[in-house]
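Working through the structure, step by step
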Amino acid sequence: MGFMTGCSSIEVINEPVPEILQAEKVCIVVHDDTRELFKTTLKEWMREQGITPDIYPQDTSVDICEWTLAYEGRWAWMVGLYLADAKITAYRDGSEAGRVWLDIGKWDGYKWEDGKVRIYKLMNMLSGKVDHYELPTIQKDIDN
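Residues numbered from 1 in each chain as written. Predicted model: local features only at pLDDT ≥ 70, side-chain atom pairs only at ≥ 80, totals over all residues. Heavy atoms only, no water.

Take Thr41: it is sitting in helix α1 (residues 36–48). A relative accessible area of 1% means that Thr41 is categorised as buried. In terms of polar contacts, Thr41 uses its side chain to reach the backbone carbonyl oxygen of Leu37, at 2.7 Å. Excluding its chain neighbours within four sequence positions, the residues that come into contact with Thr41 are Lys116, Ile119 and Tyr120. (Helix = DSSP H or I, 4+ residues; strand = E, 2+ residues; numbered from the N terminus. Buried < 20%, exposed > 50% of the residue type's maximum accessible area, 1.4 Å probe, protein only. Polar contact = N/O pair within 3.5 Å; in protein donor to acceptor, adjacent residues only side chain to side chain. Contact = heavy atoms within 4.5 Å.)

Structure (structure tokens):
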């Protein structure tokens, strides 16, 4: 699914795997070049679902657990820092079971959404709790 707005764009891929919500434990393979916020947010989201997160280093195979998540996030700078693209892939017994990817265009007005909020939305999509990426409301200065 893709969204286009003028010169900006948001591209979303959503291949949900609702069965992950039945897992007692999900292993997270850390991506060393991604900010710590991504890992801590994934752990927080899982705990809120009653799932125990277990953390493994980047070089760990995705077949380490029945359920494993691999992620990658890239923050960019344009007047401020924002999560420009994110990828989360779910593996079951070492085989890809689902994925959710988000890419925010450089000129997109939606880029300022909080990174933690963005990761929660992606996990809600991956788990099948929602079926689309809900765009934030862009606030405009009404005084001008």
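And the narrative resumes.
A separate point is the packing of α1 against helix α2 (residues 115–126). Close contact between α1 and α2 brings their axes to 10 Å; oriented N to C, the two are set at 50 degrees. Viewed along their axes, α1 and α2 adopt a mutual orientation that is oblique. For α1 against α2, the interelement crossing comes out right-handed. Across the interface between the two elements, Leu37, Phe38, Thr41, Leu42, Glu44, Trp45 and Glu48 of α1 pack against Gly115, Lys116, Ile119, Tyr120, Met123 and Asn124 of α2. Considered class by class, the residues forming the contact of α1 with α2 number seven nonpolar, three polar and three charged. (Axes fitted to C-alpha atoms, helices over the stretch in contact; angles between N-to-C directions. Parallel < 35°, antiparallel > 145°, perpendicular 65-115°, else oblique. Left-handed = near helix turned anticlockwise from the far one by under 90°. Nonpolar A, V, L, I, M, F, W, Y, C, P; charged D, E, K, R; others polar.)

Take the state of the cysteines next. In the structure shown here, the tally under the stated rule is one disulfide. Note that Cys27 is cross-linked by a disulfide to Cys65, the S-S spacing being 1.7 Å. Measuring the twist about the S-S bond at about -60 degrees, one finds the Cys27-Cys65 disulfide to be left-handed. Taken together, the residues Cys27 in strand β3 (residues 25–29) and Cys65 in the loop between β4 (52–56) and β5 (67–77) connect sequence positions 38 residues apart. Comparing Cys27 with Cys65 shows no difference in burial state: the two are buried. (Disulfide = S-S within 2.5 Å.)

A few words on the pattern of salt bridges. Following the criterion strictly, the structure yields seven salt bridges and no others. Linking Lys116 and Glu44 is a salt bridge whose minimum nitrogen-to-oxygen distance equals 2.9 Å. With a gap of 72 residues between them, Lys116 in helix α2 and Glu44 in helix α1 connect regions that are remote in the sequence. Here Arg74 ties to Asp85 by a salt bridge, and the two come within 2.7 Å at their closest N and O atoms. Of this pair, Arg74 sits in strand β5 while Asp85 is found in strand β6 (residues 81–92), placing the two residues eleven residues apart along the sequence. A network of salt bridges, in which partner residues are shared, links Glu15, Glu96 and Arg99. (Salt bridge = Lys/Arg side-chain N within 4 Å of Asp/Glu carboxyl O.)

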